[in-house]
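# Structural features, examined
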Amino acid sequence: VREVFPANGLKEAFPERFMRLERLCARSTFDARDAWSDGGTKERRRARIVEAVRNETNEAAPSRLLSLISSGLKLLREQGLVPTNGEYDLFIGSTPKSRVAEEDRVPTYCEKVIRLGQDARAEIARFSPDGRSLVVGSVDGIIEVWDATTCKLRTDLNYQADEAFMLHATSITALDFARGGEFLASASKDGEVRVWRLATGACLRKLEHAHSKPIGALLFGKESTQIISASTEIRVHGLQSGKMLKEFNKHQAPVQALVMVEEGSRLVSGGADGLVMFWDWKSGECIRSVRPPSERAGVDTEIYSLLALADQRIVVAARSSMLFVYSKDGQVLKALAGDKPECEFQGAVLSPSGKLVYGLTSENKLACIEVATAKLQHVVTLLDEAGRTITGMSSHPFKNLLTVYTLDGDLMLWKSN
């Protein structure tokens, strides 16, 4: 032990302490009174060390942890020590291994139809970030988790096996996953927001009066510590406190779509008033408000979907025969036309790679358009029965898989050949 570095350092820097330690080690018995020359005890000595360290250390509230981590990552990015784009795993010290998206192939056949019935029809459906689950929010207020591969209800989740489903008092109007997929946020017609742990079905946070009217869009904040909900007004709620933190209020009709760009520094909203608004997240200021062009005079353009591309551009699906691509600053860059001028879009989703936009038309068709060239690649008839209506659709994060749901209660899964 005498030859190790700490002992040699002690001998050179503090020879008297080293010799005292030598004498103590040479004794056949140990007496604490000899070890602590000031007449103290081991506990008192430790308490003094703790106090000395505390005087030299700054403390922060636990709620500031994510903010401090974010500031640290920003500094590391500025120094070029971590990637400036994408995710970074703090625990392994590198970018996480992500699933590789399939090469884009248009979903052309319906593999499975789940008949929920009109009284339990899907109002909203979303795939989980890992692609394993399809979460369905129904008109009866029940939230179910289905297996995206087998198209069966996931009874490996104990709460679903016991039929203790995640539940609201009124119909589900919006769903969103936190980035890692562990948490699910849901909103309902009565203006309530709930946050769930998907693995257990436990309700972690309930915002009973998030809005006084139905909620049309829901979005987790960048760090998943905040939830953004939209009715006519857009509100940001802290998940820890449950309190409203800020409000964006310029739309004149219900907001139906939300998306964040520029690493969470800009919020984009689209409403039934036909406006797309670009907000500065920090200040809450509306930077720009635009209305997509309309082919028909006197007809309001309702916004249905907002899709963020990898290069920060935004695809806007409105009541129009064209989809529009905007810059992050609100400048219209190009128009993506469907198959018929008289056929209006009612929503849109992206392909796994983001190179194709799948637009849902008023004729229950899927218009597949390449973003780079603005060319219509394919048209798929999703429903050919007269009188039936598709109310929405969702795309898988990395597979060529779409779920389409109808007003009469069918939930269809479409795949590529």
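Residues numbered from 1 in each chain as written. Predicted model: local features only at pLDDT ≥ 70, side-chain atom pairs only at ≥ 80, totals over all residues. Heavy atoms only, no water.

### Remarks on the overall build of the protein chain
When you go through the protein chain residue by residue, the secondary structure sums to 6 helices and 28 strands. With the principal axes as the frame, the protein chain shows a C-alpha extent of 100 × 50 × 45 Å. Looking at the 417 residues of the protein chain, the share that counts as buried comes to 42%. Taking as baseline every contact in the protein chain between residues at least 6 positions apart, the subset at least 24 positions apart corresponds to 43%. Element-wise, carbon and sulfur atoms account for 50% of the exposed surface of the protein chain, whose accessible area totals about 22600 Å². (Helix = DSSP H or I, 4+ residues; strand = E, 2+ residues; numbered from the N terminus. Buried < 20%, exposed > 50% of the residue type's maximum accessible area, 1.4 Å probe, protein only. Contact = heavy atoms within 4.5 Å. Areas by Shrake-Rupley, 256 points an atom, 1.4 Å probe, with all protein chains shown as cover.)

### Looking at the confidence of the model for the protein chain
Looking at the protein chain, the pLDDT average stands at 88 and 91% of residues meet or exceed 70. When the elements of the protein chain are averaged for pLDDT, helix H3 (residues 32-35) gives the smallest value, 70, and strand S6 (residues 172-177) the largest, 97. (pLDDT = per-residue confidence, 0-100.)

### Some thoughts on the pairing of strand S21 (residues 332-337)
Note: strand S20 (residues 322-326) against S21, 5 bridges, orientation antiparallel. Residue pairing for S21: Tyr-326 is matched across the bridge by Val-332. In this structure, the hairpin formed by S20 and S21 is closed by a connection of 5 residues, where Gly-330 is found at a positive phi of approximately 90°. (Pairing = 2+ DSSP bridges.)

### Some remarks on the state of the cysteines
Counted according to the given criterion, the structure contains 0 disulfides. There is no disulfide at Cys-110, and the cysteine sulfur nearest it, in Cys-151, is 9.0 Å away. (Disulfide = S-S within 2.5 Å.)

### Side note on the sheet that holds strand S25 (residues 376-381)
Read across the open sheet, the 4 strands follow the order S22-S23-S24-S25; overall the sheet is antiparallel. Looking at the sheet topology across the chains shown, the edges are occupied by strand S22 (345-350) and S25. Averaged over all pairs of adjacent strands, the angle between their axes in this sheet comes to 20°, without regard to strand direction. Summarising the sheet, strand S24 (residues 365-370) and S25 pair through 5 bridges and their orientation is antiparallel. If you follow Lys-365 over to S25, its bridge partner there is Thr-381. (Axes fitted to C-alpha atoms, helices over the stretch in contact; angles between N-to-C directions.)

### Examining the packing of aromatic side chains
In the structure shown here, the tally under the stated rule is 2 aromatic pairs. Geometrically, the ring pair formed by Phe-248 and Trp-279 is edge-to-face, given 5.2 Å between the ring centres and 70° between the ring planes. With Phe-248 in strand S13 (residues 244-248) and Trp-279 in strand S16 (residues 276-280), this pair connects stretches of sequence that are 31 residues apart. For Phe-248, a relative accessible area of 1% puts it in the buried group. On the basis of relative accessible area, Trp-279 is assigned to the buried category, the value being 1%. A centroid spacing of 5.9 Å and a plane angle of 25° characterise the contact between Phe-248 and Trp-281, whose relative ring orientation is stacked. In this pair, Phe-248 sits in strand S13 while Trp-281 sits in the loop between S16 and strand S17 (286-290), placing the two residues 33 residues apart along the sequence. (Phe/Tyr/Trp six-rings, centres within 6.5 Å; stacked < 30°, edge-to-face > 60°.)

### Side note on the environment of Lys-152
As for its placement among the helices and strands, Lys-152 is situated in the loop between strand S4 (142-147) and helix H6 (158-161). Between the C-alpha atom of Lys-152 and that of Leu-134, which follows or precedes it by 18 residues, the distance is 9.8 Å.

### Regarding the side chain of Ser-305
Secondary-structure assignment places Ser-305 in strand S18 (residues 303-308). With a relative accessible area of 14%, Ser-305 lands in the buried category. Within the structure, the side chain of Ser-305 is placed 3.2 Å from the backbone nitrogen of Ala-348, a separation counted as a polar contact. Setting aside chain neighbours within four positions, we find Ser-305 in contact with Ala-257, Val-315, Val-316, Ala-317, Gly-347 and Ala-348. (Polar contact = N/O pair within 3.5 Å; in protein donor to acceptor, adjacent residues only side chain to side chain.)

### Things to note about the pattern of salt bridges
Opposite charge on two side chains permits them to pair, given that their charged atoms come into close proximity. Tallying each qualifying case throughout the model produces 19 salt bridges. Between Arg-121 and Glu-123 there is a salt bridge, and its shortest N-O distance comes to 3.5 Å. Salt bridges sharing common partners tie together Arg-115, Glu-385, Arg-388, Asp-408 and Asp-410. (Salt bridge = Lys/Arg side-chain N within 4 Å of Asp/Glu carboxyl O.)

### Description of unusual backbone geometry
When glycine is set aside, most residues are seen to have a negative phi, and most peptide bonds are trans. The backbone of Glu-263 shows a phi angle near 55°, a positive value even though the residue is not glycine. Secondary-structure assignment places Glu-263 in the loop between strand S14 (255-261) and strand S15 (266-271). Given the relative accessible area of 40%, Glu-263 is considered partly exposed.

### Observations concerning the side chain of Arg-266
Its location among the elements puts Arg-266 in strand S15. One polar contact links Arg-266 to Asp-329, side chain to side chain, over a distance of 2.7 Å. Ignoring sequence-local partners within four residues, the contact set of Arg-266 consists of Val-259, Met-260, Val-261, Trp-279, Trp-281, Ile-287, Lys-328 and Asp-329.

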